[in-house]
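Reading the structure
Chain by chain, the residues run as shown.
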Number of protein chains: 2
Amino acid sequence: MRKRLGILLSGRGSNFEAIARNVIAGVLDAEIAVVISNRESAQGLATARSLGLKAIALPSKGTEREAFDTQLVELLRRHEVDLVVLAGYMRLLSPIFIRAFPQRILNIHPSLLPAFPGLDAQHQAFEYGVKVSGCTVHFVDEQLDNGPILRQAAVPVLPHDTADSLSARILEQEHRVYSEAIRIVLSGRYRIEGRRVVVEES
Amino acid sequence: MRKRLGILLSGRGSNFEAIARNVIAGVLDAEIAVVISNRESAQGLATARSLGLKAIALPSKGTEREAFDTQLVELLRRHEVDLVVLAGYMRLLSPIFIRAFPQRILNIHPSLLPAFPGLDAQHQAFEYGVKVSGCTVHFVDEQLDNGPILRQAAVPVLPHDTADSLSARILEQEHRVYSEAIRIVLSGRYRIEGRRVVVEES
């Protein structure tokens, strides 16, 4: 049976869209069971509906974090989700959520972690003056931008770059590596040693 | 007139050797004015002599840091050095030294800074589980592994890597990018904006 993805987003969801297109094209053998946004106005929900996917708004505003995350866990369980994929989900997950899906939550971050965790990673990197940045797909644990790393892609900073042109170049790589990382996790062909993800080659 | 490099090392000096070979091959338009080691037994000194270069041991053991660095500055000035190149120099430089050669000291570090500063960067990166590491050539300022970055090279971490095989792959890139960074500085075709080094294309 195809593994079921639950997507969480808060905005445009361009990484969600790249994953959805890989699923539709048969490049990624999985099913998108549900797309959930904590913001009703998120463009990603409209995209999901236009692709014929189940899209649910679960507004987080005014709800206490643990109570909200409990609802979210229930919703994902009801949709029998095997893997939770964060795609621009702009809310910190509580331990309740993280413990409900141990090593079953992925996130993507627009820098080569552990460099430039937190918000606006591309701008941080640009202002720091690195000549190489990139993106990172990692398991989510209880610390911000910290879990074991599945995939990274390096992206050069070019002489005429602005923070925006760098962000756009990083985004292209995000769209590529997120599906690769999902494929690794769904295949089960990896082990975690310390905090290293060792991918077993087929 | 060819610009004069002063090399500081403490051990094998493989980065020094790569630079020297580029100078000899005419790939790097510069002259190695002097090679100085704070350890008499450093293999890099023997290499320098075998290449017909001036090699000086200035033992640091037992000498107070400021006094030692004052001697070192004098020695480099006597050799009319335009640029100081650290090649495995295992001693922190004092502000006396750094202020004597403002933006005229380069170092190479075996990680993609700002990730994994300090000792054993390759092992730190390996144990952290990054999928991309690399090396960084930067100006030296008064903070460790902190100055503006001239060049970085990304190096993939492969499934069967050990910390040692990763170190070896990073070292190959170090040997390439250090000469590139020296060439940029000697050409003067760059400016520093904030902490970004912007290289002006020819």
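Every value quoted in this text rests on a predicted model; they were computed, and no experiment measured them. (Residues numbered from 1 in each chain as written. Chains lettered and ligands numbered in written order. Predicted model: local features only at pLDDT ≥ 70, side-chain atom pairs only at ≥ 80, totals over all residues. Heavy atoms only, no water.)

Looking at the relation of the copies chain B and chain A
Of the two same-sequence chains, chain B is brought onto chain A (RMSD 0.0 Å, axial shift 0.0 Å) by a rotation of 180°. These values place the two chain copies in the arrangement generated by a two-fold rotation axis. Considering only C-alpha atoms, the part of chain B nearest the rotation axis is Ala115(B), at 2.6 Å. Taken as a fraction of all interface residues of chain B, those also at the interface in chain A reach 100%, which identifies the copy contact as same-surface. (Least-squares fit on C-alpha atoms with pLDDT ≥ 70 in both. Contact = heavy atoms within 4.5 Å.)

Quick notes on the interface of chain B and chain A
Taken together, the 29 residues of chain B in the interface contact 29 residues of chain A. Across the interface of chain B and chain A, roughly 2300 Å² is buried in total on both sides, 57% from carbon and sulfur atoms. By the criterion of area lost to chain A, the three top residues of chain B are Tyr128(B), Lys131(B) and Arg196(B), representing 29% of everything that side buries. At the junction of chain B and chain A, the tally comes to 0 salt bridges. Contributing elements (two or more residues each) for the side of chain B that touches chain A: α5 (121-128), β7 (149-156) and β9 (196-199) of chain B. (Buried area = accessible area lost by both parts, 1.4 Å probe. Salt bridge = Lys/Arg side-chain N within 4 Å of Asp/Glu carboxyl O. Helix = DSSP H or I, 4+ residues; strand = E, 2+ residues; numbered from the N terminus.)

Some details on helix α2 (residues 43-50) of chain B
Residue and element names in this part refer to chain B. Those residues of α2 not exposed but buried are Gly 44, Leu 45, Thr 47 and Ala 48. All buried residues of α2 project into a common sector of 160° when viewed along the axis, lining one side. Turned more than 90 degrees off the buried face of α2, the exposed positions are Gln 43 and Ser 50. On the buried face of α2, the contacting elements are β1 (4-9), α1 (14-24), β2 (31-37) and β3 (55-57). Downstream of α2 by one or two residues, Gly 52 has phi in the positive range, about 75°. (Buried < 20%, exposed > 50% of the residue type's maximum accessible area, 1.4 Å probe, protein only. Arc of directions from axis to C-beta.)

Quick word on the packing of helix α1 (residues 14-24) of chain A against helix α6 (residues 163-187) of chain A
Residue and element names in this part refer to chain A. One can describe the packing of α1 onto α6 by two numbers: an axis separation of 9 Å at closest approach and a directional angle of 55°. Overall, the two elements α1 and α6 adopt an arrangement that is oblique. As for the relative orientation of α1 and α6, their crossing is right-handed in sense. From α1, Ser 14, Asn 15, Ala 18, Ile 19 and Asn 22 reach across to α6, where they touch Leu 171, Glu 174, His 175, Tyr 178, Ser 179 and Ile 182. Classifying every residue of the contact of α1 with α6 gives 5 nonpolar, 5 polar and 1 charged. (Axes fitted to C-alpha atoms, helices over the stretch in contact; angles between N-to-C directions. Parallel < 35°, antiparallel > 145°, perpendicular 65-115°, else oblique. Left-handed = near helix turned anticlockwise from the far one by under 90°. Nonpolar A, V, L, I, M, F, W, Y, C, P; charged D, E, K, R; others polar.)

Describing the side chain of Ser37(B)
Here Ser37(B) lies in strand β2. Setting aside residues up to four positions removed in sequence, Ser37(B) forms contacts with Leu9(B), Ser10(B), Ala42(B), Leu45(B), Ile56(B), Ala57(B) and Leu58(B).

Examining the domain arrangement of chain A
All names here are of chain A. Each assigned domain of chain A is listed with its residue range as follows: domain 1 (1-101) and domain 2 (107-202). Centre-to-centre, using C-alpha coordinates, domain 1 lies 20 Å away from domain 2. At the interface, 21 residues of domain 1 touch 16 residues of domain 2. Buried surface at the junction of domain 1 and domain 2, summed over both partners, amounts to about 1600 Å²; 65% is from carbon and sulfur atoms. Ranking the residues of domain 1 by area buried against domain 2 places Asn 15, Leu 86 and Ile 98 at the top, with a combined share of 31%. Summed over the shared surface of domain 1 and domain 2, the number is 1 salt bridge. Notably, a salt bridge pairs Glu 142 with Arg 99, separated by 2.9 Å at the nearest N-O pair. Across the domain 1-domain 2 interface, the total number found is 6 residue pairs in polar contact (both at pLDDT 80 or more). Ranked by residues supplied to the side of domain 1 that touches domain 2, first place goes to α1 with 5 residues. For the side of domain 1 that touches domain 2, the per-class residue count stands at 14 nonpolar, 3 polar and 4 charged. (Domains from an automatic or database assignment. Polar contact = N/O pair within 3.5 Å; in protein donor to acceptor, adjacent residues only side chain to side chain.)

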